[in-house]
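The primary structure of each chain is shown beneath.
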Amino acid sequence: MREHAHAGAQPSEDLLGQETIKELVREAYRAVVGTTTGVAGRLYDPEQLARLPRGAVEQALGVGNPVRAAGLQPGEVVLDLGCGGGIDTTLAAHAVAPGGRSIGLDMLPEMLEVAARHAAEAGVANVEWMLGEMEAIPLPEASVDVVLSNGVINLSPRKSRAFAEIYRVLRPGGRMVVADIVVDEDLPPEILTSAAAWAG
Amino acid sequence: MAERVFASKVQKVGFVDIQRGEELPFGVDECEQYPLFTPELIALMRRLIPPERQATVARSVIFTARKP
């Protein structure tokens, strides 16, 4: 695992509310113990699930299947933002072999350790793990072909900044594939003031 | 986030070919599987959201975009 100083622009001064939201997300995801295959079973193909260790399947907390939508090709470099237990990072590593690599980025070191273990159990070697945040991606400009994100952008209190960072690290012609939640109608105010809504 | 807000933010940073792909309904039962949705919040959602809307509180959508 590598920890990098941010290679891009210096982050601007943060607001208290943004840090509060980040801490809520950190605490919620740090406490996750994978015990169900419900999320992965709904989103992933049986052929994809067959390539993964049980732990990766049980800790899947995405909201879609960006790997299936990305059309990944051998030789490509993929960045998985907020990789969590590593399900998409690992599937992407399979898809870009030979010659490509898959990078999992997460702000929680404990998740990166779990993700690395899952990838090792899946037998993929073309993976790399990075500690960092999506609003300050620790990669140089124009260094990846594809950025994946699965239920993660909504957790950022600075979504525009996250998109700008994705744009910065993509090579010209590179693509972003984002699975996330969208809401069409207003929800009751009691729900809109919850932590889950703040993060959305 | 609303879909139009998402598209607007992506466009503003310079992405092109912004497209919406696969989408799935996202209901209270799905929310329950995610850590930010505490049991108390789920109970509130079940109480305050009309039953006919509970299976489609939101949508999970895949967006793709390209850097020119």
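Residues numbered from 1 in each chain as written. Chains lettered and ligands numbered in written order. Predicted model: local features only at pLDDT ≥ 70, side-chain atom pairs only at ≥ 80, totals over all residues.

## A look at the overall build of chain A
Turning to step 1, where the next piece is worked out: The helix and strand tally for chain A stands at ten helices and six strands.
Turning to step 2, where the next piece is worked out: Taken across its 200 residues, chain A has 50% of its residues classed as buried.
Turning to step 3, where the next piece is worked out: Within chain A, contacts between residues separated by at least 24 positions form 74% of all contacts whose residues are at least 6 apart in sequence. (Helix = DSSP H or I, 4+ residues; strand = E, 2+ residues; numbered from the N terminus. Buried ≥ 20, exposed ≤ 12 C-beta atoms within 10 Å, placed from the backbone. Contact = placed C-beta atoms within 7 Å.)

## Points about the overall build of chain B
Turning to step 1, where the next piece is worked out: When its secondary structure is counted, chain B shows three helices and two strands.
Turning to step 2, where the next piece is worked out: Start at the N end of chain B and walk to the C end: the helices and strands fall as α-β-α-α-β.
Turning to step 3, where the next piece is worked out: On C-alpha atoms alone, chain B measures out to a radius of gyration of 15 Å, which is more than a quarter above the 11 Å that the 2.2 N^0.38 rule sets for 68 residues.
Turning to step 4, where the next piece is worked out: Viewed in the frame of its principal axes, chain B has a C-alpha envelope of about 45 × 20 × 20 Å.
Turning to step 5, where the next piece is worked out: Every one of the 68 residues in chain B was classed for burial, and the buried ones make up 26%.
Turning to step 6, where the next piece is worked out: Residue pairs at least 24 apart in sequence account for 75% of intrachain contacts in chain B once pairs closer than 6 positions are excluded. (Rg over C-alpha atoms; globule rule 2.2 N^0.38 Å.)

## Examining the pairing of strand β4 (residues 127-131) of chain A
Residues and elements named next belong to chain A.
Turning to step 1, where the next piece is worked out: Looking at chain direction, strand β3 (residues 101-106) and β4 are connected through five bridges and run parallel. Bridging from a neighbouring strand, I103 pairs with E128 of β4.
Turning to step 2, where the next piece is worked out: The β-α-β motif built from β3, the intervening helix α7 (residues 109-122) and the parallel element β4 has right-handed crossover chirality. (Pairing = 2+ DSSP bridges. Right-handed = clockwise from strand over helix to strand, strands pointing away.)

## Thoughts on the interface of chain A and chain B
Turning to step 1, where the next piece is worked out: Counting residues at the interface gives 40 residues for chain A, matched by 34 residues for chain B.
Turning to step 2, where the next piece is worked out: Contributions of two or more residues to the side of chain A that touches chain B are made by α1 (16-30), α2 (38-43), α5 (66-70), α8 (159-169), β6 (170-182), α9 (189-192) and α10 (195-198) of chain A.
Turning to step 3, where the next piece is worked out: With twelve residues, the single largest contributor to the side of chain A that touches chain B is β6(A).
Turning to step 4, where the next piece is worked out: Grouping the constituent residues of the side of chain A that touches chain B by class yields 27 nonpolar, nine polar and four charged.
Turning to step 5, where the next piece is worked out: Here eight bridges tie β6(A) to strand β2 (residues 58-66) of chain B, and the two strands are oriented antiparallel to one another. Bridge pairing in β2(B) links A:I181 to B:S60. (Nonpolar A, V, L, I, M, F, W, Y, C, P; charged D, E, K, R; others polar.)

## Considering the packing of helix α6 (residues 87-96) of chain A against α7(A)
Residues and elements named next belong to chain A.
Turning to step 1, where the next piece is worked out: Viewed as axis vectors pointing N to C, α6 and α7 meet at an angle of 35°, and their least axial separation amounts to 9 Å. For the pair α6 and α7, the sense of crossing is right-handed. Here T89, T90 and A93 of α6 come into contact with α7, specifically with A115, H118, A119 and A122.
Turning to step 2, where the next piece is worked out: A class-by-class count of the residues in the contact of α6 with α7 yields four nonpolar, three polar and no charged. (Axes fitted to C-alpha atoms, helices over the stretch in contact; angles between N-to-C directions. Left-handed = near helix turned anticlockwise from the far one by under 90°.)

## Remarks on the pairing of β2(B)
Residues and elements named next belong to chain B.
Turning to step 1, where the next piece is worked out: With seven of nine residues buried, β2 is to be regarded as a mostly interior element.
Turning to step 2, where the next piece is worked out: When strand β1 (residues 16-26) meets β2, the two strands line up antiparallel, connected through seven bridges. Each bridged residue has a counterpart across the sheet, and for R20 the counterpart in β2 is F63.

## Describing the confidence of the model for chain B
Turning to step 1, where the next piece is worked out: Looking at chain B, the pLDDT average stands at 90 and 100% of residues meet or exceed 70.
Turning to step 2, where the next piece is worked out: Interface confidence in the predicted complex, given as ipTM, is 0.89; pTM for the same model is 0.85. (pLDDT = per-residue confidence, 0-100.)

## With respect to the confidence of the model for chain A
Turning to step 1, where the next piece is worked out: Residues of chain A with pLDDT of at least 70 account for 78%, and the chain-wide mean is 85.
Turning to step 2, where the next piece is worked out: Long-range and interchain partners of residues 2-16 of chain A, a stretch whose pLDDT sits below 50, account for 16 contacts in this model, where long-range means more than four residues apart.

## Brief notes about the nonpolar core
Residues and elements named next belong to chain A.
Turning to step 1, where the next piece is worked out: Ranked by internal contacts, the top residues of the largest apolar core, which has 69 residues, are V78, L79, A92, V144, V147 and L148.
Turning to step 2, where the next piece is worked out: Looking at this core element by element, the count peaks at seven residues for β6.
Turning to step 3, where the next piece is worked out: Setting aside residues up to four positions removed in sequence, V147 forms contacts with L79, L81, I166, V169, L170 and M176. (Core = buried A, V, L, I, M, F, W, Y, C linked by C-beta atoms within 7 Å.)

## Regarding the environment of B:S60
Turning to step 1, where the next piece is worked out: By the element assignment, B:S60 lies in strand β2.
Turning to step 2, where the next piece is worked out: Placed 13 residues apart in sequence, B:S60 and B:R47 show a C-alpha to C-alpha distance of 22 Å.
Turning to step 3, where the next piece is worked out: Contacts of B:S60, omitting those with residues within four sequence positions, involve A:V63, A:G64, A:A179, A:I181, B:E23, B:L24 and B:F26.

## A word on the packing of α8(A) against helix α1 (residues 3-12) of chain B
Turning to step 1, where the next piece is worked out: Remark: α8(A) packs on α1(B), axes separated minimally by 9 Å, with the N-to-C direction vectors making an angle of 45°. Considering their axes alone, α8(A) and α1(B) lie oblique with respect to each other. The way α8(A) lies across α1(B) gives a crossing that is right-handed. The segment α8(A) lies against α1(B), with A:K159, A:S160 and A:F163 engaging B:K9, B:V10 and B:K12.
Turning to step 2, where the next piece is worked out: Tallied by class, residues from the contact of α8(A) with α1(B) come to two nonpolar, one polar and three charged. (Parallel < 35°, antiparallel > 145°, perpendicular 65-115°, else oblique.)

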